[in-house]
Amino acid sequence: MNTELVQQVLQLFPGITASEFRGGTRLVVPVDLLHGLLEELKQRRGFDLLVDITCVDYLEYRDAKDRFGLVYLLANTETAERLTVRCFVNDPEPSVPSAVDLWEGANWVEREVWDMFGISFSGHPDLRRILLPEAFTAHPLRKDYPLQGRGERHNFSVVRRAEPPAKA
Amino acid sequence: MPLTPLTYPGDLAHDESQPYLWTMNFGPQHPATHTTLRLVLKLEGETVVDAMPDIGYLHSGFEKIGEHLDYNQYVVVTDRMNYVSPMANNVAWHLAVEKLLGLETTRRCQYIRVIISELARISDHLLCLGAMGLDTGAFTHFIYAFNPREQICDIFEALCGARFTNSYTRVGGLMYDASPKAIQMIREFLKQIPRTFDDMERLLNRNRIFVERTRGVGVLSKAEAINRSCSGPVARASGVERDLRKDDPYLVYSDFDFDVCCAESGDCYARYLVRMGEMRESVQILRQAIENLPEGPVNIGEDARSILPRKGAVFSTIEGLISHFELVMANRGMKSPCEEVYCATEAPNGELGFYLVGDGSNRAYRARCRPPSFIHFAIFPHLIRGHTISDVVAVLGSLNIIAAELDR
C-alpha cells in the first residue's frame, strides 16, 4: 500500500476514506468528489490505466447502508501499482459523472453498468444498452431481478397469425 | 434496434462533403467473425468510414449465474467464457477465490497451474494466428497451427479427462494431480513445437501478401492503447511494456526466466509478431516448469475443510463423506469473509480479472469478470476507420475477439 499517496489524496480531498484488504488499497469517495479524484489520480498521480468499471448491488448485503457501490479499478502502467476507487449511490435514479472524458476505455464498461444496473453516467456520449436488446425493460444484475423467469424468451408474448376467413 | 453511431467531432461519417455512403451489415453469421457478433459498416466505395459494433448475441448472464453457484461449481461456467483457452479462465477464477478466502496453494499445484496456463496461451495464440492467416488467405497456416493445438487437447485430456471445457482447477488445488504420462506428453510436445513455430514463421513472416495486408493496418498508438484500457498482446504490440506475469507476479512466475515480447508499430503485423514471440517464451517457461516441477501434495490439506476431499476418500471413509457433504450443502461449506477482492491474471488475450464480493456464504455475492475481448472490441471502430473493407477481417483476427467472452 502506497501510504504516501493515500495520505496526500486524503489531505487533498477531505471526505474520502481509505481501507485495505489483502494488499489492495481502496478509496471510498462521495459522488461529488468522484470525478475530481479520478482526474487527480490520472493526471498527476500516474494512474493512467482504467482497468475496469463495475458495480455491486448491496440490496441484500449484511449491514449495507447504500444500494449501489461503483468500483473503479485503476492501475499505473509504469509502476504496476493498483488502486480501487469506490463510490456509493442510491435510489431513485442513481447517477454518477462519466469518466469517458478521462479515459476513452470507460465508454463500453459504463454502458455495461448502465445496461446491467441502471446507473446513469452523466456526460456519457452514447449511453445505450450494450448487451441486452434496446427494448429490454429491466436491469438484470440488480438483486431484485430473479435468476429465472422474468424476461426470458418463452415468456414473451406470442404474435399469432390471424385466422383465415372461413370459406363460404 | 436503433443504430445510432458513436459520433465525435471530426468523424468522417458525418462529414457533410461525403455525398454518398453505403451501409453494410457484417455478421452476425459471417465466416470471418468466427463467432456471433455484428458490425454495421459505413462505406464509401471500399473504404470504411465508420463501424458500429452491435454485440450481445451470446449474452447468457454468466455474472448472474455466478451469484447462484458456489465457488467450485462456477468454474464450469468460466470454461465457456474464453472457450479457446478455458484452462486460463479456470486458473484466473480460482486464484480470485483463493485470494478472497485467504488460501495459499501448494507449490506443486502452483507449478501445474503455470504449466496449464502456458499451454492454454500457446493453444489460444495458435488458434488466433491460424485464423488470422486463414482470413487473410493463408489456409496452410491454419492447418499448421491446428495440428499442435490438437496435441495440447490430448495433453489436457491426459490431465483431466476433458479436451475442451476442462474445469481442471478446484478451490485450494486441482481436480487431479498431473500423471507421469501427462508430464511425458508435455515433454514430447515441447520437443516438437519449435519446429511448428519455424514453419509458421517461414510461411508468413516474409510472405508479401500477408505482410501487405497487415502492416500499417489498424494502427494503435501507445498513448491510445493505454487510454482505451488495452492489455495483453494488443497493448504490447503498441509498445506498452505491461505483463502481469512480470509486473505483478502471481503463482510462481517470479521463478522463471522469460522475456516480455513487445513491438512498437501497433499494427496487425505487430500483433501477429508479438503473439508469435509469446508462444516461444511460453515454451521457455514450460521447459523450466517441467524440469523443476516439485514433488509433494497438489491440494492443500483436506482437514482444512475448505477443499473437496479426494473421491476415493468420499467413497470409502466416513470422514471423507462427511466433509464432502459439509462442503457441497447449501447452508454449510466454505466461509468467505464479507470483503471484496480483485485478482487479475495475464490471460492469453489480455488482463483477465475477477472482482469478487464475499458475503460469508459459499457463493459469491457478485462475480464480475473483466473480459479482455470486451475491452478490445470497443477499440475496433477506431482501428478500422479509413481502411478498406478487406481489412476488417485482418483487424478482427488480430484482436482475437471471442464472442462468448465478449458477451458473457
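In case you missed it, the structure is sitting above this.
Just so you know, these numbers come straight off a predicted model, no measurement behind them.

Trainee: Explanation requested: the overall build of chain A in the structure shown.
Mentor: A count of helices and strands for chain A gives 3 helices and 7 strands. Reading the helices (α) and strands (β) of chain A from amino to carboxyl end gives α-β-β-α-β-β-β-β-α-β. Against the globule reference of 15 Å for 168 residues, chain A gives a C-alpha radius of gyration of 21 Å, more extended than a compact globule. Seen along its three principal axes, the alpha-carbon backbone of chain A occupies a region of about 90 × 35 × 25 Å. Looking at chain A residue by residue over its 168 residues, the buried ones come to 49%. For chain A, the proportion of contacts with a sequence separation of at least 24, taken over those separated by at least 6, is 50%. Taken as a whole, chain A presents about 8600 Å² of accessible surface, with 49% of it coming from carbon and sulfur. For chain A, the separation between the mean place of its 20 positive charges and that of its 25 negative charges on side chains is 8 Å.

Trainee: Can you walk me through the interface of chain A and chain B in this structure?
Mentor: It is common to give the size of an interface as the accessible area that goes away when the parts come together. Counting from both sides, the interface comprises 51 residues of chain A and, opposite them, 51 residues of chain B. Taken as a group, Y61(A), W108(A) and L131(A) account for 17% of the area that chain A buries against chain B, more than any other trio of residues on that side. Here chain A is connected to chain B by 8 salt bridges. For R368(B), the salt bridge identified is with E112(A), shortest N-O distance 3.2 Å. If you look at where chain A meets chain B, you find 26 residue pairs in polar contact (both at pLDDT 80 or more). If you list the elements that add at least two residues to the side of chain A that touches chain B, you get β3 (49–57), β4 (68–75), β5 (82–89) and α3 (106–117) of chain A.

Trainee: Would you mind going over the sheet that holds strand β2 (residues 24–28) of chain A with me for this structure?
Mentor: Within a sheet, each strand pairs with its neighbour through backbone hydrogen bonds, oriented either parallel or antiparallel. Residues and elements named next belong to chain A. Strand order in the open sheet formed by 5 strands is β1-β2-β5-β4-β3, and the pairing between neighbours is mixed. Taken across any chain shown, the strands that pair with only one partner, and hence form the sheet edges, are β1 (17–21) and β3. Each strand of the sheet is rotated relative to its neighbour by a mean of 25 degrees, with strand direction disregarded. In this structure, β3 lies alongside β4, joined through 8 bridges in antiparallel fashion. From the neighbouring strand, D57 faces β4, where its bridge partner is F68.

Trainee: Explain the sheet that holds strand β8 (residues 366–370) of chain B here, please?
Mentor: Residue and element names in this part refer to chain B. Ordered by their spatial adjacency, 3 strands build an open sheet running β6-β7-β8, and the pairing between neighbours is antiparallel. Unpaired on one side and paired on the other, β6 (340–347) and β8 mark the two borders of the sheet. With direction set aside, neighbouring strand axes in the sheet form an average angle of 15 degrees. Those strands touched by helix α3 (residues 86–101) are β6, β7 (350–357) and β8, and its axis lies near 40 degrees from that of β7.

Trainee: For this particular structure, what's the right way to read the environment of L141(A)?
Mentor: Considering the arrangement of structural elements, one finds L141(A) in the segment after β7 (120–122). Residue class for L141(A) comes out buried when judged on its relative accessible area of 5%. In sequence terms L141(A) and A64(A) are 77 residues apart; their C-alpha atoms lie 17 Å from each other. Filtering out sequence-adjacent residues up to four positions away, L141(A) remains in contact with D57(A), M116(A), F117(A), E63(B), K64(B), E67(B) and R366(B).

Trainee: Where do I start with a nonpolar patch on the surface in this structure?
Mentor: All names here are of chain B. Taken together, the side chains of I318, L321, I322, F325, V328 and M329 present a nonpolar region at the surface, about 500 Å² in accessible area. You can see L321 is positioned in helix α13 (residues 318–328). Judged by relative accessible area, which is 32%, L321 ranks as partly exposed.

Trainee: Looking at this structure, I do not really get α13(B). What am I missing?
Mentor: Residues spaced three or four apart along an α-helix face the same direction, because each turn holds 3.6 residues. Residue and element names in this part refer to chain B. Listed in full, the buried residues belonging to α13 are G320, S323, H324 and L327. What you see down the axis of α13 is that its buried residues fit within an arc of 105 degrees, all on one side. Residues of α13 that are buried make contact with α12 (311–316). The opening residue of α13, the one whose side-chain oxygen lies 3.1 Å from the backbone nitrogen of G320, is T317.

Trainee: Help me understand the pairing of β5(A), please; the structure alone is not making it clear to me.
Mentor: In the case of a regular strand, side chains alternate between the two sheet surfaces. Residue and element names in this part refer to chain A. For β5, a buried count of 6 out of 8 residues is recorded, marking the element as mostly surrounded by other parts of the structure. Two elements, β4 and β5, share 8 bridges in a ladder whose sense is antiparallel. When the sheet's bridge partners are listed, F68 is paired in β5 with V89. Counting the residues in the hairpin turn of β4 and β5 gives 6 residues, including A80, whose phi is positive at 60 degrees.

Trainee: Please explain the side chain of T196(B) as it appears in this structure.
Mentor: Considering the arrangement of structural elements, one finds T196(B) in helix α6 (residues 180–204). Discounting residues that sit within four places of it in the chain, T196(B) has contacts with Y144(B) and P148(B).

Trainee: I tried to follow α3(B) on my own but got confused; where do I start?
Mentor: Residues and elements named next belong to chain B. Over its 16 residues, α3 runs 23 Å from end to end, which matches the ideal 22 Å to within 8%, given 1.5 Å per residue. The buried fraction of α3 amounts to 15 of the 16 residues, a majority that puts the element mostly inside the structure. Trailing α3 by a residue or two, G102 shows a phi angle of about 75 degrees, which is positive.

Trainee: Help me understand the packing of aromatic side chains, please; the structure alone is not making it clear to me.
Mentor: Remark: the centre distance and the inter-plane angle together describe each pair of aromatic rings, the angle taken between the planes. All names here are of chain B. This model, assessed by the stated rule, comprises 19 aromatic pairs over all chains. Ring centres of Y71 and W93 lie 6.4 Å apart, and the angle between their planes is 45 degrees; this geometry places the pair in the tilted category. Of this pair, Y71 sits in the loop between α1 (62–66) and α2 (75–79) while W93 sits in helix α3, placing them 22 residues apart in sequence. Here Y71 matches W93 in class, with each residue buried.

Trainee: How should I be thinking about the state of the cysteines in this particular structure?
Mentor: By definition, a disulfide links two cysteine residues through a covalent bond between their sulfur atoms. A full pass over the atoms with the stated rule returns 0 disulfides over all chains. The thiol of C160(B) is not disulfide-bonded; the next cysteine sulfur, from C153(B), is found 10 Å away.

Trainee: Explain unusual backbone geometry here, please?
Mentor: Most peptide bonds are trans, and most residues other than glycine sit at a negative phi. Between D91(A) and P92(A) the backbone carries a cis peptide bond, its omega angle lying at -15 degrees. Here P92(A) lies in the loop between β5 and β6 (95–97). Phi is positive for S229(B), close to 65 degrees, though the residue is something other than glycine. Turning to its location among the elements, S229(B) is positioned in the loop between α8 (222–227) and α9 (232–236). Here the phi dihedral of N400(B) falls at roughly 55 degrees; this positive angle occurs in a residue that is not glycine.

Rules of the game
- Residues numbered from 1 in each chain as written.
- Chains lettered and ligands numbered in written order.
- Predicted model: local features only at pLDDT ≥ 70, side-chain atom pairs only at ≥ 80, totals over all residues.
- Heavy atoms only, no water.
- Helix = DSSP H or I, 4+ residues; strand = E, 2+ residues; numbered from the N terminus.
- Rg over C-alpha atoms; globule rule 2.2 N^0.38 Å.
- Buried < 20%, exposed > 50% of the residue type's maximum accessible area, 1.4 Å probe, protein only.
- Contact = heavy atoms within 4.5 Å.
- Areas by Shrake-Rupley, 256 points an atom, 1.4 Å probe, with all protein chains shown as cover.
- Lys, Arg positive; Asp, Glu negative; His and termini not counted.
- Charge placed at Lys NZ, Arg CZ, Asp CG, Glu CD.
- Buried area = accessible area lost by both parts, 1.4 Å probe.
- Salt bridge = Lys/Arg side-chain N within 4 Å of Asp/Glu carboxyl O.
- Polar contact = N/O pair within 3.5 Å; in protein donor to acceptor, adjacent residues only side chain to side chain.
- Pairing = 2+ DSSP bridges.
- Axes fitted to C-alpha atoms, helices over the stretch in contact; angles between N-to-C directions.
- Patch = residues over 30% accessible without salt bridge, like charges linked within 9 Å, V, L, I, M, F, W, Y side chains within 5 Å.
- Arc of directions from axis to C-beta.
- Expected span 1.5 Å × (residues − 1).
- Phe/Tyr/Trp six-rings, centres within 6.5 Å; stacked < 30°, edge-to-face > 60°.
- Disulfide = S-S within 2.5 Å.

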